[in-house]
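Structure at a glance
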Amino acid sequence: MIIVLKRDATQEVIDHVVEKIKSTGLAVHISKGKERTIIGAIGDETLLSQISLEALPGVENVMPILKPYKLVSREFSKEGTVIDLQGVCIGDTAIQVIAGPCSVESKDSLIDCAKKVQAAGASILRGGAFKPRTSPYDFQGLGVEGLKLLAEAKKATGLPIISELMDPRDTEVICEYVDIIQIGARNMQNFRLLTEVGKAKKPVLLKRGLSATIKEFLMSAEYIAAQGNGNIILCERGIRTFETATRNTLDLSAVPVLKEETHLPIFIDPSHAVGRWNLVAPLAKAAIAVGADGLMIEVHPDPENALCDGAQSLKPSKFAILMEEMKKVAISVGRTL
Ligand code: PEP
Ligand code: MN
């Protein structure tokens, strides 16, 4: 149920409504928009019949949320969520670009890469420390050592950092180092993990599962939001189809569909979608054209010798050219980059 409060509702009035809802046993989620406060009452809605919400002071409107995803639904908030990451605003007019290597390999190559992507205009640095590899014999990442190197790259550049969390047991350590927690495609329906990051105090970038529908994707985001963490970025990264010409099939239509369904920011990762560096640029530009709020792009100073995903990684010089091209597309759709 959504409870829309009157524009002039004071904190005292808000607290009173919250207390009333909680007294029925339902959980409460408060969303303070620019214009007004909206309260989400989550749980068994029949319990709300014990109180007459409409009659409470400050309440303007009470509406059921018809979608199975509640807190992340567009019905819950008409205004888009903006995540402010030390001044880097995600979900606002400016498109944000996350760039960096697939995995953290060494201090020198990471800092070199960080400086180059920053010079090209990227606003967030990526780098995997815990890697979800298909083969157990492939490079699995540097673990905590990789997180420490990311922190050094952040110190050298000031760029906020994102890295993937695979195991709930690593939540605390990852939160110590990263600014955004990444949940990878393979873990989109790892509900224990989603619950864990829902309790964390860091924004979460949730990647769409390899074979997940948009509804399943949103239900996974709901798991995170239901624990109190509403700072969620959704990232489309290609889905499994019959097509084998590309690593996955980038579902560009997911962007406008998700824009209708949710107020959360939407990113596109063209690198994991196509799997080949020369196809990254056209899809990155298309992503901006269809309304994505940001991109995640793999960049490596020496892709030929990368320990992971070299074939889809852009050299920093190619990335810089792409950024210039993307700026033009962004302007043409009323965005900045
Ligand atoms: C990644 O971003 O490093 C990654 C493994 O991506 P995905 O989970 O989309 O495969
Ligand atoms: Mn990768």
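Residues numbered from 1 in each chain as written. Chains lettered and ligands numbered in written order. Predicted model: local features only at pLDDT ≥ 70, side-chain atom pairs only at ≥ 80, totals over all residues. Heavy atoms only, no water.

Each protein donor to the manganese ion (ligand 2) is listed here as Cys102 (SG), His272 (NE2), Glu298 (OE) and Asp309 (OD); together their distances run 2.0 to 2.4 Å. The sequence motif formed by the donor residues of the manganese ion (ligand 2) is C-x169-H-x25-E-x10-D. Here the residue Cys102 occupies a position in the loop between β7 (96-100) and α2 (107-120), and Asp309 occupies one in the loop between β14 (294-298) and α10 (316-332), the gap between them amounting to 207 residues. Note on accessibility: Cys102 and Asp309 belong to one class, buried. (Donors = N, O, S within 2.8 Å, 3.2 Å for Na, K, Ca; no water. Helix = DSSP H or I, 4+ residues; strand = E, 2+ residues; numbered from the N terminus. Buried < 20%, exposed > 50% of the residue type's maximum accessible area, 1.4 Å probe, protein only.)

Here the focus is the packing of α2 against helix α3 (residues 144-157). For the pair α2 and α3, interaxial distance at closest approach is 9 Å and the crossing angle is 40 degrees. Comparing the axis directions of α2 and α3 gives the class oblique. In the crossing of α2 with α3, the sense of the turn from one axis to the other is right-handed. From α2, Lys107, Leu110, Ile111, Ala114, Lys115 and Gln118 reach across to α3, where they touch Leu149, Leu150, Glu152, Ala153, Ala156 and Thr157. (Axes fitted to C-alpha atoms, helices over the stretch in contact; angles between N-to-C directions. Parallel < 35°, antiparallel > 145°, perpendicular 65-115°, else oblique. Left-handed = near helix turned anticlockwise from the far one by under 90°. Contact = heavy atoms within 4.5 Å.)

With that settled, the discussion passes to the sheet that holds strand β2 (residues 27-32). Read from one edge of the open sheet, four strands run β2-β3-β1-β4, paired in antiparallel fashion. In this open sheet, the two strands that pair with only one neighbour each are β2 and β4 (59-63). Pairs of neighbouring strands in the sheet enclose a mean axial angle of 20 degrees, with direction left out of account. In the sheet, strand β1 (residues 2-5) pairs with strand β3 (residues 37-42) via three bridges, with the strands oriented antiparallel. Within β3, the position partnered with Ile2 by the bridge is Gly40. (Pairing = 2+ DSSP bridges.)

Considering only enclosed or pocket space, the largest pocket measures out at about 710 Å³ in volume. Considering the residues around the largest pocket, the lining is formed by 30 residues, among which Ser31, Gly33, Ser77, Glu79 and Gly80 are closest to the centre. Of all the secondary-structure elements, those providing two or more residues to the lining of the largest pocket are β1 and β2. Looking at the lining of the largest pocket, the element that brings in the most residues is β2, giving four residues. Across the lining of the largest pocket, the residue classes break down as eleven nonpolar, eleven polar and eight charged. Inspection of the lining of the largest pocket shows a minimum of three residues originating in each of domain 1 (2-63) and domain 2 (83-332). Estimated volume of the second largest pocket: approximately 340 Å³. Lining the second largest pocket are 25 residues, with Pro132, Arg186, Arg237, Arg247 and His272 positioned closest to its centre. In terms of residues, the lining of the second largest pocket owes the most to one element, strand β9 (residues 161-164), which gives three residues. Per-class residue counts for the lining of the second largest pocket are six nonpolar, eight polar and eleven charged. (1 Å grid on protein atoms, 1.4 Å probe; cavity = no way out; pocket = protein on both sides within 12 Å on 5 of 7 lines; lining within 4 Å. Points joined across faces, edges and corners; volume = space filled by probe spheres on them. Nonpolar A, V, L, I, M, F, W, Y, C, P; charged D, E, K, R; others polar. Domains from an automatic or database assignment.)

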